[in-house]
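Secondary and tertiary structure notes
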There are 2 protein chains.
Amino acid sequence: MAVYTDITEDDLKQFLTEYDVGELTSYKGIAEGVENSNFLLHTTRDPLILTLYEKRTDERDLPFFLGLMQHLAAGGLSCPLPLPRNDGGLYGTLSGRPAALISFLEGMWLRKPEAKHCREVGKALARMHLSGQDFELTRPNSLSVEGWKTLWEKSAARADEVETGLQEEISSELDHLGRNWPKDLAAGVIHADLFQDNVFFLGDELSGLIDFYFACNDLLAYDVSICLNAWCFEKDGAYNLTKGQALIEGYQSVRPLDKAEIEALPILARGSALRFFLTRLYDWLTTPAGALVVKKDPLEYLRKLRFHRQITSATEYGLVEERLSAS
Amino acid sequence: MAVYTDITEDDLKQFLTEYDVGELTSYKGIAEGVENSNFLLHTTRDPLILTLYEKRTDERDLPFFLGLMQHLAAGGLSCPLPLPRNDGGLYGTLSGRPAALISFLEGMWLRKPEAKHCREVGKALARMHLSGQDFELTRPNSLSVEGWKTLWEKSAARADEVETGLQEEISSELDHLGRNWPKDLAAGVIHADLFQDNVFFLGDELSGLIDFYFACNDLLAYDVSICLNAWCFEKDGAYNLTKGQALIEGYQSVRPLDKAEIEALPILARGSALRFFLTRLYDWLTTPAGALVVKKDPLEYLRKLRFHRQITSATEYGLVEERLSAS
């Protein structure tokens with residue numbers, strides 16, 4: 001849950017004079033997102049989301065994030081649409097923070113997704129990848145191999161506080177990934193954080209993707225591996241092959257993976273498990289005890305990392321052979 | 001901010017089958033209220049608030065709270081209206097908690113209220129007092145003198161951690177209030193927690209009162225004293241006489257205070273300052289450091305208590321003499 005910056009009605013009304021959105025009738029801080037402060041606004045017209053970008057979001061990245069949302073929405077993907085200000089800009093300043101108004105997307109994120117939902121997530125991810133191909137801005141992924149190393153340097157010395165032997169295990173994992181990370185796979189704009197709370201459904205129908213604030217340019221199949229980690233493990237740590245199969249099939253029904261991407265899937269999944277392990281570990285070790293965020297357990301992603309280390313072929317994720325040979 | 005209990009879409013949809021509210025299209029946990037978990041629901045009809053009652057709210061009190069809201073709304077006071085279930089009940093169970101659906105009240109609470117808003121608050125409070133006179137249920141105030149003593153017993157030993165000498169000062173204050181607390185003043189249903197975040201405005205117009213979960217039967221003028229504490233002090237601790245005058249005048253324009261109530265105002269204000277000091281002190285000393293609530297500073301109310309101790313007459317709160325002599 002996240003409302004880091006509160007806003008006064010006067011400041012908000014002043015901010016809204018720059019937009020053509022009707023009269024404000026209510027605003028409530030909402031318990032969504034962990035990086036930024038979000039408010040749900042009611043107006044005499046449509047409901048809106050107001051996002052105040054906190055310090056983890058670099059203002060220089062906002063043209064990429066907000067432009068991408070506009071680009072994807074124009075291409076037919078259902079995602080929140082940043083509203084332009086009267087001066088044409090996509091964001092302004094409120095309570096000392098960069099702030100944007102964004103269309104409200106109806107739908108709910110699933111606390112207990114099933115395989116059929118994973119299939120829809122796979123499809124939507126592939127559609128996003130295709131639609132992102134002609135987006136003109138680029139943003140490097142600061143949380144890929146080099147970024148992991150930087151992050152690790154900040155946590156390594158205290159890693160054994162979380163589990164004995166961790167320092168050695170992760171250092172060796174980073175070495176391995178650094179030496180074997182694929183370079184020549186299809187690349188483009190990826191979501192990079194398509195977790196369950198970032199996908200809305202109305203009934204069983206996917207109604208949209210949200211939260212593009214980790215989006216960047218990277219290997220498309222790496223994004224698939226993030227979704228495998230985010231959607232296809234059960235709470236007890238077990239990998240759900242049926243969900244994995246559905247997610248990959250859904251993806252391939254829109255954008256088939258090529259042979260090199262398929263072969264790379266296990267190492268990409270190790271990398272994405274490590275990526276979330278490292279940010280969680282860092283937060284775990286540095287978030288003050290009284291902070292208003294729920295610290296996520298880094299060990300969940302350590303277990304996933306260890307699972308992927310044993311995988312020898314993408315078929316073990318549920319990728320069906322016929323599809324593989326046909327591609 | 002408060003979402004203590006998360007809910008799944010399936011559980012929520014099941015819960016909603018007991019109501020006639022249209023189709024659910026979204027639900028978001030909102031950062032409002034500190035006692036219960038609140039969600040803002042959008043449906044194909046009207047927006048709604050869903051409240052899950054956490055352990056601080058006694059389920060046996062819900063008929064009083066929810067019945068009172070119905071009673072006040074029927075009497076013309078703008079407040080949220082609990083929706084009846086198909087079986088006629090005013091609440092059900094969701095995620096193991098008692099839960100009620102309540103109409104959504106448009107409006108915003110004021111971070112920086114002015115005197116004119118205090119006047120509206122006074123009027124609305126008096127209207128609520130009049131409207132509550134014929135409400136048939138009763139609920140004793142568990143947070144009056146006896147309740148303060150119980151609360152104090154749990155904190156007294158550690159009070160000097162907060163400020164040296166506090167144990168002696170508060171014990172003596174409690175003795176004084178116990179000996180001098182008024183008994184024969186006009187009584188009825190009071191809100192008992194009419195802080196800024198519980199009063200909504202649309203522009204300068206008061207659009208409604210919310211959060212009746214401390215409502216109870218007690219002295220009506222005690223409720224006025226709570227509002228003086230909640231609305232008429234500035235952030236630096238100064239009492240704003242203009243706001244006090246506006247609040248009292250607003251109140252008296254609807255329900256004039258009698259001579260005994262006016263004379264009792266200083267001691268009532270000491271009592272209500274002590275009441276909020278004691279709950280904040282208790283929370284301060286007992287809330288675990290990692291809890292998802294902002295701990296409110298008990299010393300704010302200690303300063304208010306000390307201020308009231310020096311008051312010799314209600315005129316010092318801004319009560320105008322003519323009004324006094326005319327009553």
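Residues numbered from 1 in each chain as written. Chains lettered and ligands numbered in written order. Predicted model: local features only at pLDDT ≥ 70, side-chain atom pairs only at ≥ 80, totals over all residues. Heavy atoms only, no water.

**Observations concerning the overall build of chain A**
Within chain A, the regular secondary structure consists of 10 helices and 9 strands. Taking 2.2 N^0.38 as the reference for a compact globule, 327 residues should give roughly 20 Å; the C-alpha atoms of chain A span a radius of gyration of 20 Å, in line with that estimate. Burial statistics for chain A: of 327 residues in total, 57% are counted as buried. Pairs at least 24 residues apart make up 73% of the contacts formed inside chain A by residues separated by at least 6 positions. When the accessible surface of chain A is summed, it comes to about 13,700 Å², and 49% of that surface belongs to carbon and sulfur atoms. Within chain A, the 49 negative side-chain charges are centred at a point lying 3 Å from the centre of the 34 positive side-chain charges. (Helix = DSSP H or I, 4+ residues; strand = E, 2+ residues; numbered from the N terminus. Rg over C-alpha atoms; globule rule 2.2 N^0.38 Å. Buried < 20%, exposed > 50% of the residue type's maximum accessible area, 1.4 Å probe, protein only. Contact = heavy atoms within 4.5 Å. Areas by Shrake-Rupley, 256 points an atom, 1.4 Å probe, with all protein chains shown as cover. Lys, Arg positive; Asp, Glu negative; His and termini not counted. Charge placed at Lys NZ, Arg CZ, Asp CG, Glu CD.)

**Focus: unusual backbone geometry**
The residue Ala192(A) is not glycine, and still its phi comes out positive at about 75°. With respect to the helices and strands, Ala192(A) occurs in the loop between strand 6 (187-190) and strand 7 (199-202). Although it is not a glycine, Ser95(B) sits at a positive phi angle of roughly 50°. The residue Ser95(B) is located in the loop between strand 4 (92-94) and strand 5 (97-103) in this model.

**Some words on the packing of aromatic side chains**
Residue and element names in this part refer to chain A. What the rule picks out here adds up to 31 aromatic pairs over all chains. Seen from their ring centres, Tyr53 and Tyr213 are 5.2 Å apart, and the 65° between their planes marks the pair as edge-to-face. Taken as a pair, Tyr53 in the loop between strand 3 (48-52) and helix 2 (62-74) and Tyr213 in the loop between strand 8 (205-209) and strand 9 (216-219) lie far apart in primary sequence, 160 residues in all. Measuring from ring centre to ring centre gives 6.0 Å for Phe64 and Phe65, while their planes differ by 75°; the resulting arrangement is edge-to-face. Pairwise contacts between aromatic rings join Tyr53, Phe64, Phe65, Phe135 and Tyr213 into one cluster. Its end group placed over the ring of Trp109, Arg111 keeps NZ or CZ at 3.7 Å from the ring centre. (Phe/Tyr/Trp six-rings, centres within 6.5 Å; stacked < 30°, edge-to-face > 60°. Lys NZ or Arg CZ within 6 Å of the ring centre and 35° of its normal.)

**A look at the pattern of salt bridges**
Throughout the structure, instances matching the rule amount to 48 salt bridges over all chains. With a shortest N-O distance of 3.0 Å, Glu300(A) and Lys304(A) are connected by a salt bridge. One end of the pair is Glu300(A) and the other is Lys304(A), both in helix 9 (residues 298-309) and 4 residues apart, which spans about a single turn. For Asp283(B), the salt bridge identified is with Arg56(B), shortest N-O distance 2.5 Å. Here Asp283(B), found in helix 8 (residues 259-286), pairs with Arg56(B), found in the loop between strand 3 (48-52) and helix 2 (62-74); they are 227 residues apart in sequence, far enough to count as distant. Classification of Asp283(B) as partly exposed rests on a relative accessible area of 22%. Taken together, the salt bridges that share partners define one network made up of Glu163(A), Glu169(A), Glu173(A), Arg270(A), Arg306(A) and Arg309(A). (Salt bridge = Lys/Arg side-chain N within 4 Å of Asp/Glu carboxyl O.)

**Points about the sheet that holds strand 2 (residues 37-43) of chain A**
Residues and elements named next belong to chain A. Read across the open sheet, the 5 strands follow the order 1-2-3-5-4; overall the sheet is antiparallel. Edge positions in the open sheet fall to strand 1 (24-29) and strand 4 (92-94), since each of these has one partner strand only. Between one strand axis and the next, the sheet turns by 35° as a mean value, whatever way the strands run. As paired strands, strand 3 and strand 5 (residues 97-103) are joined by 5 bridges and run antiparallel to one another. Looking at the pairing, Ile49 lines up with Ile102 of strand 5. (Pairing = 2+ DSSP bridges. Axes fitted to C-alpha atoms, helices over the stretch in contact; angles between N-to-C directions.)

**As for the pairing of strand 5 of chain B**
Residue and element names in this part refer to chain B. For strand 5, the buried fraction is high: 5 of the 7 residues fall into the buried class. By the bridge criterion, 3 bridges tie strand 4 to strand 5 in an arrangement that is antiparallel. Across the sheet, the residue bridging to Leu94 is Arg97, located in strand 5.

**With respect to the side chain of Asp61(A)**
Among the structural elements, Asp61(A) can be located in the loop between strand 3 and helix 2. Here Arg139(A) takes part through its side chain, which lies 3.1 Å from a polar atom of the side chain of Asp61(A). (Polar contact = N/O pair within 3.5 Å; in protein donor to acceptor, adjacent residues only side chain to side chain.)

**Let's talk about the domain arrangement of chain A**
Residue and element names in this part refer to chain A. Structurally, chain A comprises domain 1 (9-103) and domain 2 (115-326). Distance from the C-alpha centre of domain 1 to the C-alpha centre of domain 2: 27 Å. When domain 1 packs against domain 2, the two sides together hide about 1,900 Å² of surface, and 69% of this comes from carbon and sulfur. On the surface where domain 1 and domain 2 come into contact, there are 2 salt bridges. Counting across the interface, domain 1 meets domain 2 through 7 residue pairs in polar contact (both at pLDDT 80 or more). Classifying every residue of the side of domain 1 that touches domain 2 gives 12 nonpolar, 6 polar and 4 charged. (Domains from an automatic or database assignment. Buried area = accessible area lost by both parts, 1.4 Å probe. Nonpolar A, V, L, I, M, F, W, Y, C, P; charged D, E, K, R; others polar.)

**Looking at the environment of Thr164(B)**
All names here are of chain B. Mapped onto the elements, Thr164 comes out in the loop between helix 4 (145-155) and helix 5 (166-180). The exposure class of Thr164 is exposed, given its relative accessible area of 72%. In sequence terms Thr164 and Pro82 are 82 residues apart; their C-alpha atoms lie 46 Å from each other.

**Examining the confidence of the model for chain A**
Put simply, chain A has an average pLDDT of 92, and 94% of its residues get 70 or more. Residue range residues 323-327 of chain A is modelled with pLDDT below 50. Its contacts to residues more than four positions away, or to other chains, number 6 contacts. (pLDDT = per-residue confidence, 0-100.)

**As for helix 9 (residues 299-309) of chain B**
Every buried residue of helix 9 of chain B is accounted for by Leu299(B), Tyr301(B), Leu302(B), Lys304(B), Leu305(B) and His308(B). Elements that come into contact with the buried residues of helix 9 of chain B comprise helix 5, helix 6 (220-231) and helix 8 of chain B.

**Notes on helix 9 of chain A**
Residue and element names in this part refer to chain A. For helix 9, which comprises 12 residues, the first-to-last C-alpha distance of 17 Å matches the rise-based estimate of 16 Å (1.5 Å per residue) to within 8%. Within the span of helix 9, buried status applies to Pro298, Leu299, Tyr301, Leu302, Lys304, Leu305 and His308. In this fold, the buried residues of helix 9 make contact with helix 5 (166-180), helix 6 (220-231) and helix 8 (259-286). The N-cap residue of helix 9 is Asp297: its side-chain oxygen and the backbone nitrogen of Leu299 are 2.9 Å apart. (Expected span 1.5 Å × (residues − 1).)

**Digging into the side chain of Gln196(A)**
All names here are of chain A. Within the fold, Gln196 resides in the loop between strand 6 and strand 7. Under the relative-accessibility criterion, Gln196 is labelled buried at 18%. In this structure the side chain of Gln196 is engaged in a polar contact, spanning 3.1 Å, whose partner is the backbone oxygen of Ala230. Setting aside its immediate chain neighbours within four residues, Gln196 contacts Trp109, Leu110, Arg111, Pro113, Ala230 and Trp231.

**Notes on the packing of helix 3 (residues 115-132) of chain A against helix 7 (residues 241-254) of chain A**
Residues and elements named next belong to chain A. Where helix 3 meets helix 7, the axes come as close as 7 Å, and the angle between the chain directions of the two elements is 35°. Between helix 3 and helix 7 lies a crossing whose hand is right-handed. Facing Ala115, Cys118, Arg119, Val121, Gly122, Lys123, Leu125, Ala126, Arg127, His129 and Leu130 of helix 3, the residues of helix 7 in contact are Thr242, Lys243, Ala246, Leu247, Glu249, Gly250, Tyr251, Ser253 and Val254. Residue classes in the contact of helix 3 with helix 7 are distributed as 10 nonpolar, 5 polar and 5 charged. (Left-handed = near helix turned anticlockwise from the far one by under 90°.)

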